[in-house]
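Observations on chain architecture
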Amino acid sequence: MQAIPVDLRPVVARWYTSTVPRHRRSRRASFRPSARFARAVAFAAFAAFALPALSPASPGTPQPAAARVPPTSMSSSPSGAAGAVAGVAGSMRADTPRDRRAVRLVVAPTEPSRLRDYRWPVAHPRITLPFGPWRTASRIVDGQAFHDGMDLATFCGDRVVAAHDGVVLAAGRHYDSQMGWIGDLKPYFDRVDAKSLWTTLPIVVVIDDGNGYRSLYAHFGRIVVKRGDTVRAGQLLGFEGRTGHASGCHLHYGLFSPLETKAFAIDPAVARHMKLPLWEIARIDPFLVLPARGTLSGTPESGATAGGNGIE
Ligand SMILES: [Zn+2]
């Protein structure tokens, strides 16, 4: 895993805008203390860094050079978007212990072990492909092809439910702007438009879980929610399918925080072919938040094919 390229960190910093009403957020969410200051810092970060940096995600503007230059160093220090936001906080005179605590709360995603109230999005699934290295995956982590979510399979048409309370950020085939790409998506969208590829994409739901994380559900056959809907854990989102790059019906479930400062690389050949950014925000293993269950189904099965942005 690598740190998000320096010049793209401001872009990442603007992504954290939870749409979940305050009273619905987890009582354990790390943003609760000093929330007013935290919001002020987040807004300042947005204003100072994100507005000038809107260009990477805005049509008709050039991609920053850094978006095309892979970082050369490995880093595990939380100094990415954190550094950008902390810089703003400094200019806001965050000089009391309480303020400094608020800054830390803003810049770091909650530890996965502290996330609560997740449930399995499919009942009694086989895990056909876990999160981790997988030879045909299109993400690259520490030099290895890597599957960036968990594939759950039962049967075509089975119910897929929300793993956590939240607000739907995207539902359908226009999900890319919510799934943590780092860089300019315009060339990709232009290609999809020019080649009429929209119907080849998976049907996806992205939900703001209200705790600093987003859940991504992919390959639906049909969905019953729309952008802006508020959902409760266990509520029906849609039905298991095989839209996009999938060799069989399954759910790809992914989890990430827009505050994360590490990135997963995209296979350069795939990114070049599909005109995708070279990076996405690093994902976490859903196993870290889902409740304990029975044994896994042993060897990964091929529910997935390398699909770049067909999820997989
Ligand atoms: Zn998958």
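Residues numbered from 1 in each chain as written. Predicted model: local features only at pLDDT ≥ 70, side-chain atom pairs only at ≥ 80, totals over all residues.

**A few points about the overall build of the protein**
What counts is decided by this rule: Where helices and strands are cited, they refer to DSSP runs of H or I of at least four residues and of E of at least two residues respectively, numbered from the N terminus. Here exposure depends only on C-beta density: within 10 Å of a residue's C-beta, 20 or more other C-beta atoms make it buried, 12 or fewer make it exposed, and intermediate numbers make it partly exposed, the C-beta atoms being placed from the backbone.
Looking only at helices and strands, the protein has six helices and 16 strands in total. Expressed as a percentage of its 312 residues, the buried residues of the protein come to 49%.

**A word on the environment of lysine 186**
Tracing the chain through its elements places lysine 186 in helix α5 (residues 186-194). Taking the C-alpha atoms as reference points, lysine 186 and lysine 275, separated by 89 residues in sequence, lie 8.7 Å from one another.

**Let's talk about the environment of alanine 265**
For alanine 265, the location among the structural elements is in strand β15 (residues 262-266). Residue classification places alanine 265 among the buried positions, given that 21 C-beta atoms sit within 10 Å. In the structure, alanine 265 is positioned 127 residues away from serine 138 in sequence and 8.6 Å away in space, judged by C-alpha atoms.

**Structural notes on the pairing of strand β14 (residues 251-256)**
Most of β14 is tucked away: six of the six residues are buried. What you see with β14 is no split at all: Leu251, Tyr253 and Leu255 on one side and His252, Gly254 and Phe256 on the other are buried throughout.

**Some details on unusual backbone geometry**
With a phi close to 70°, aspartate 117 is a non-glycine residue in the positive phi region. Tracing the sequence through the fold places aspartate 117 in the loop between α4 (97-107) and β2 (126-129). Taking the number of C-beta atoms within 10 Å as the measure of exposure, aspartate 117 has 16 and is therefore partly exposed. The phi torsion at histidine 124 lies on the positive side, around 50°, for a residue other than glycine. Among the secondary structure elements, histidine 124 is positioned in the loop between α4 and β2.

**Topic: the environment of asparagine 211**
Here asparagine 211 shows up in the loop between β10 (203-208) and β11 (214-223). Overall, asparagine 211 belongs to the buried group, with 26 C-beta atoms counted inside 10 Å. Distance in space between the C-alpha atoms of asparagine 211 and glycine 166 is 8.8 Å, their sequence separation being 45 residues.

**Some details on the confidence of the model for the protein**
Under the convention used in this document: A residue's pLDDT is the confidence the predictor assigns to it, expressed on a 0 to 100 scale. Throughout, a pair of residues is in contact if the C-beta atoms placed from their backbones lie within 7 Å.
When pLDDT is averaged across the protein, the result is 77; 62% of the residues are at 70 or more. Per-residue pLDDT stays below 50 along residues 41-92; that stretch engages in 87 contacts with residues further than four places along the chain or on separate chains. Here residues 295-306 is modelled with pLDDT under 50, and outside its nearest four sequence neighbours on either side it reaches 33 contacts, counting other chains as well.

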